[in-house]
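Analysis of the macromolecular model
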Amino acid sequence: MTSIFLDGKFVGTTAEPQKIVNEIRVKRRTGIIPNQINVAYHQHLDEVRILSDSGRVRRPLIIVENGVPKLTKDHVEKLKKNEIAWNDLLKMGAVELVDSEEEENTYIALTEKDLTPEHTHLEFDPSVILGLSASFIPYPEFNRGDRVNYGAKMVGQSIGIFSTNFLSRTDTKSNVMLYPQKPLVQTHAYSIFPYDKHPSGNNVVIAVASFDGYNMEDSIVINAGSLQKGLLWSYMYRTYETEQKRYLGGQEDQIGIPEAGVRGYAGEDAYKHLSEDGISNPETNLDSDMVIIGRVSPLRFLGTMDKFVTGMENIRETSVRLRHGDHGIADRIFVTDTTDGTKLIKVVVRDMKVPEIGDKLASRHGQKGIIALVVPPEDMPFTENGIVPDVIFNPHGIPSRMTMGQLLEIIGGKVAALTGKPIVSPAFSPTSEKELRETLVRNGFRNDGKEIMYDGRTGKKFETQIFIGSAFYQKLDHLVSNKIHARSRGPVTLLTKQPTEGRSKEGGLRLGEMEKDCLIAHGASLALKERFDSDKAVISICSVCGLVAMHDKIKNKKICPIDGESKIIDVQMSYAFKLMLDELKSMMIYPKVIVGEEE
Amino acid sequence: MSEQSQTNSESGLPSRLVEEIEQVSREKKLSKEKKEKLIEEVKKVYQQSIFEPGEGIGIIAAQSISEPSTQMTMRTYHFAGTAGIKVTYGLPRLIEIFDAKKEPETPMMTIYLKKEFNNATEAAKLAEDVVEKKILNVTKRISLNLNENSIEFEVIDKRRIEAVSKAVREFLKNVNVKTKDDKVIVIPKIENVKELQTVKEKILDIHVGGIKDVKNAIVRKDGEDWIINTIGTNLKDVFIIKEVDEKRTYTNDIHETYTILGIEAARSVIIKEALKTMQEQALDIDTRYVILVSDMMTLSGEVNSIGRYGVAGAKTSILARAAFEETIKHLVRASIRNEVDNLQGIFENVMIGQVAPSGTGMFDLIVKADEEKE
């Protein structure tokens with residue numbers, strides 16, 4: 001007997017599972033049972049599973065019977081004339097939505113040509129095997145598979161318009177492109193997905209050439225003129241927020257300009273750009289570490305000495321400051337209350353990101369690169385017609401990666417720009433290369449997309465002809481201005497006196513274990529010592545007991561708490577080691593430092 | 001190594017290099033001046049390739065082995081469905097060698113034959129003899145007789161029935177063993193069926209012939225030599241066989257080599273196996289680095305692993321050991337035993353922020369400036 005489960009619950013058994021399943025399917029297709037029902041018969045488990053609950057991902061398929069698809073030309077015509085809609089097709093039993101369980105019982109043909117009497121379903125288009133990001137790539141079948149994968153990954157990182165209501169949102173961090181465009185070479189996905197509302201890049205004129213050495217190893221040469229016209233500009237929004245927190249004992253944070261005398265007061269200048277409520281005015285220019293919201297908080301833990309210090313209130317400055325290394329302009333300010341009734345302030349800071357040297361750009365074919373040189377437009381190469389490329393892409397990026405889709409896109413983009421009509425070229429049913437070449441010739445260009453070009457700096461003709469066309473480029477969310485970091489001297493951590501870690505803390509770059517080994521391997525002991533000197537300290541050590549001595553302030557003399565006025569020797573060691581000695585003492589191990597004689 | 005490093009006192013070159021120069025100059029009929037020039041050139045290259053005092057050879061060796069090893073990816077782990085003999089190689093084998101595992105995952109022997117037996121028939125015969133036979137391999141059928149509480153089994157080769165019954169008698173004490181036609185009947189004086197079953201399993205596992213632990217043997221011809229490759233090793237028993245050339249016969253089991261042939265042989269096996277493993281993966285590293293590692297492993301007279309129980313655990317410095325692994329163990333032990341760290345190693349000095357005694361930090365100026373004036 002076959003068990004039957006409805007939404008995972010056992011409801012009964014049957015001797016004829018196949019019959020039941022078929023019956024449910026027929027009834028669903030004829031509209032007797034709602035079309036949300038899916039049913040699957042698992043022969044190996046001897047189970048029939050009927051599913052009607054929410055949250056299942058289902059995909060549309062054309063129903064096939066005896067090798068003939070139920071969706072006919074007639075249906076398509078009617079759809080075109082707007083006489084019927086999708087739901088009508090569902091009711092007619094021409095298409096259906098199949099979930100992952102029922103998919104196990106299907107035999108799906110990819111194209112109409114493949115159909116045999118055994119097939120149960122037909123895909124709408126072979127390109128549906130690709131996911132959302134991958135279906136944005138034109139000519140993917142001409143690329144090597146991994147490149148399509150990389151390309152799809154980078155589509156996800158591109159800066160565009162992620163949400164049309166971004167002006168009323170307070171995401172922690174978001175990027176919005178200023179002048180986005182629709183690609184000249186598209187796929188079906190661009191019309192199915194609301195790409196008009198969520199575009200992600202710009203069309204650029206791309207020349208496949210080298211430019212001195214400035215575009216080797218995947219770097220990109222970009223036209224300064226194009227940048228001045230707004231190519232790939234974007235805004236970065238970052239939200240800073242604070243709550244007026246309440247503490248035990250009736251104390252609370254105070255939002256406002258801190259008064260002079262408060263612990264940690266940074267001086268009048270640090271607060272002068274704030275309005276009287278302590279919050280930056282909109283359109284205030286803010287620089288790294290500047291106060292955005294002035295705030296003071298009560299001290300949580302009072303030190304023993306603090307109780308006796310007079311003239312200083314027990315509050316501390318805890319203003320919200322711009323992240324270290326960031327810049328921007330206060331854009332929008334929200335003042336509201338939380339559900340607990342405390343005051344909540346959010347400040348959105350905007351920063352304009354014009355592409356610069358170090359920013360990451362990518363086409364849709366997994367061809368990413370870093371801007372390495374911004375060239376004035378007059379120095380860029382130009383064609384006979386005076387076309388100046390926006391981007392110069394190094395030809396060495398092509399042979400090893402074999403992204404032929406990129407080349408076709410460049411030709412396609414050129415054709416689209418000449419004819420004024422976008423090329424729609426979905427995966428597996430592309431606009432033919434022949435057609436593109438013919439259109440180029442009809443418009444007075446060479447069929448291979450190459451053109452005679454001249455050096456902008458010398459005016460001399462290049463000996464070779466250069467492949468030039470138009471491609472869609474994206475700016476990826478890896479901008480140098482968010483990553484650039486350097487330090488010479490700077491903050492140290494309290495515990496170990498070693499430099500801090502991380503860009504936001506103005507930290508140093510770690511010279512790790514393996515780097516240390518390299519210095520040893522080179523025999524550079526003195527260089528190694530210098531590297532690890534960041535926390536060096538001079539520690540006074542008693543020559544008798546080998547423990548740290550102390551400084552008697554009254555006598556201005558160093559004495560050992562155990563051996564009194566014994567001989568005390570200053571030893572240079574790293575502070576972290578002194579800390580380790582202290583920790584050993586705390587675990588009842590006596591680390592006696594045996595000091596040698598001073599020379 | 002010791003032979004190689006013997007230097008010719010006259011030229012300061014290793015004697016092997018001097019011999020080679022002699023040979024070349026003889027072959028090419030070099031004049032005296034030309035020969036001297038050649039010696040000069042060789043000297044220059046030789047001296048350039050010698051380590052300088054204070055150079056961190058240990059770290060250089062470690063880096064030279066480990067950098068290529070990182071390129072041996074984990075892919076060597078999985079060979080699902082591959083037919084033939086399974087052999088550990090690649091990274092797992094390298095780890096096995098340097099960790100000085102007691103038993104290799106795939107122990108193997110390469111048996112060479114003495115000159116007079118070096119032919120196909122002898123090799124084939126020996127290969128068959130060498131493989132271990134257990135009762136399991138020589139019996140047709142085994143059954144429990146519950147009426148008489150006995151175990152009966154039929155032997156395939158009737159001629160060996162006496163040997164088999166003798167083996168059972170020797171292996172199991174307090175047992176009555178009888179033979180009847182081609183049947184061996186064992187009466188173990190046990191009435192419990194469960195125990196009878198365990199005795200049956202034991203009987204099947206009794207060794208009756210061949211060499212213990214050798215599971216399989218394949219004959220191969222390598223140049224002039226007929227070689228028997230086996231799975232499973234047992235050098236001790238193989239050496240007794242008169243056809244075997246014990247001078248060349250080899251096992252990949254480091255510990256077995258050590259117990260039977262001694263520490264020098266074990267050192268050679270480590271070098272040979274490590275180099276072989278690297279070369280199988282098309283990684284070219286200098287022999288000297290492997291020699292240094294295996295010297296460290298065998299320095300104490302027995303085989304030590306690289307790691308916390310071996311070479312790294314034998315460091316003199318408490319701080320260096322504590323910083324490596326098992327921090328608390330080393331610190332507590334040091335404090336109980338009142339140990340002293342003389343801070344003479346590199347690691348300890350890096351830790352406390354002083355100049356490490358290697359390379360440029362190795363040397364001090366001992367001539368005083370005012371003495372020089374005189």
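No experiment lies behind these values; they were computed from the predicted model shown.

Right, let's talk about the domain arrangement of chain A for a bit. Looking at the assigned domains, one finds that chain A contains domain 1 (2-124), domain 2 (135-233 + 357-475), domain 3 (237-353) and domain 4 (503-586). Placing the centre of domain 1 of chain A and that of domain 2 of chain A at their C-alpha centroids yields a distance of 42 Å.

Here we come to the packing of helix α4 (residues 91-98) of chain B against helix α11 (residues 263-280) of chain B. Residues and elements named next belong to chain B. Where α4 contacts α11, the two axes come as close as 9 Å, and the packing angle between them is 160°. It follows that α4 is roughly antiparallel to α11 by the angle criterion. As α4 runs across α11, the sense of the crossing is left-handed. Between α4, through R93, L94, I97 and F98, and α11, the contact on the second element is made entirely by I270, E273, A274, T277 and M278.

This paragraph deals with the interface of chain B and chain A. With 22 residues of chain B in contact, the opposing surface of chain A contributes 24 residues. Where chain B abuts chain A, roughly 1,800 Å² becomes buried across the two surfaces, and 70% of that area is made up of carbon and sulfur atoms. Of all residues in chain B, I59, V350 and I352 of chain B give up the largest surface area on contact with chain A, accounting jointly for 23% of the area buried on that side. Remark: the boundary between chain B and chain A carries zero salt bridges. Where chain B packs against chain A, one counts eight residue pairs in polar contact (both at pLDDT 80 or more). Elements that contribute at least two residues to the side of chain B that touches chain A include exactly α3 (57-71), α14 (327-336) and α15 (346-352) of chain B. When residues of the side of chain B that touches chain A are assigned to their parent elements, the largest contribution, five residues, is made by α15 of chain B.

Below, the discussion takes up helix α5 (residues 145-157) of chain A. In this model, α5 of chain A (13 residues) spans 19 Å end to end at C-alpha, consistent with the 18 Å of a helix rising 1.5 Å per residue. Tucked into the core, α5 of chain A has its buried residues touching β23 (360-362), β24 (368-375) and β30 (466-475) of chain A.

Moving on, we get to the layout of surface pockets. Its volume calculated, the second largest pocket comes out at about 1,400 Å³. Every residue lining the second largest pocket is counted, 42 residues in all, and those nearest its centre are Q498, R510, L511, F532 and S534 of chain A. Breaking the lining of the second largest pocket down by element, the ones donating at least two residues are α10 (513-521), α11 (525-531) and α12 (575-586) of chain A together with α13 (318-324), α14 and α15 of chain B. Broken down by class, the residue content of the lining of the second largest pocket amounts to 17 nonpolar, 14 polar and eleven charged.

Taken as a whole, chain B is organised into domain 1 (1-50), domain 2 (51-106 + 252-295), domain 3 (133-209) and domain 4 (315-361). The C-alpha-based centres of domain 2 of chain B and domain 4 of chain B are spaced at 28 Å.

Moving on, we get to the pattern of salt bridges. Two side chains bearing opposite charge may form a pair once their charged atoms approach each other closely. Residue and element names in this part refer to chain A. Under the counting rule described, the total for this entry stands at 53 salt bridges over all chains. Close ionic contact of D53 with R56 constitutes a salt bridge, the shortest N to O distance being 3.4 Å. Through salt bridges with shared partners, a single ionic network connects R25, R28, R29, E96 and E102.

Scoring rules and cut-offs
- Residue positions are given per chain, counting from 1 as you read along its sequence in written order.
- Written order determines the labels here, with chains lettered from A and ligands numbered from 1.
- Per-residue local features of the predicted model are confined to residues with pLDDT of at least 70, and side-chain atom pairs are confined, for both listing and counting, to 80 or more; whole-chain, interface and lining totals are unaffected and use all residues.
- As a convention, hydrogens and water are excluded, and side-chain values are obtained from all of the structure's heavy atoms.
- Source of the domain bounds: an automatic or database domain assignment.
- Every angle, taken between N-to-C directions, lies between 0 and 180 degrees, and every axis is a line fitted to C-alpha atoms, over only the stretch in contact when it is a helix.
- Starting at the N terminus, helices and strands are each numbered in turn, a helix being any DSSP run of H or I of at least four residues and a strand any DSSP run of E of at least two.
- These descriptions rest on fixed angle ranges, namely under 35 degrees for roughly parallel, over 145 for roughly antiparallel, 65 to 115 for roughly perpendicular, and the rest for oblique.
- Crossing handedness is defined as follows: a turn of the near helix away from the far one that is anticlockwise and smaller than a right angle gives a left-handed crossing, while the clockwise case is right-handed.
- Here, two residues are considered to be in contact whenever any of their heavy atoms come within 4.5 Å of each other.
- We define buried area as the total accessible area lost by two parts upon association, computed with a 1.4 Å probe and summed across both.
- In what follows, salt bridge is the name for a side-chain nitrogen of Lys or Arg lying within 4 Å of a carboxyl oxygen of Asp or Glu.
- Whenever a nitrogen or oxygen atom comes within 3.5 Å of another N or O atom, the pair is scored as a polar contact, on the condition that within protein one atom can donate a hydrogen and the other can accept it, and that pairs from neighbouring residues in sequence are kept only if both atoms are in side chains.
- A helix's residues, less one, multiplied by 1.5 Å, set its expected span.
- Of the grid points, spaced at 1 Å and generated over the protein atoms alone, those admitting a 1.4 Å probe that cannot get out make up cavities, while open sets with protein on both sides within 12 Å along at least five of seven lines make up pockets; any residue with an atom within 4 Å of a point is treated as lining.
- Grid points are joined across faces, edges and corners, and a volume is the space filled by probe spheres set on the points.
- Under the scheme applied, nonpolar residues are Ala, Val, Leu, Ile, Met, Phe, Trp, Tyr, Cys and Pro; charged residues are Asp, Glu, Lys and Arg; polar residues are all the others, including Gly.

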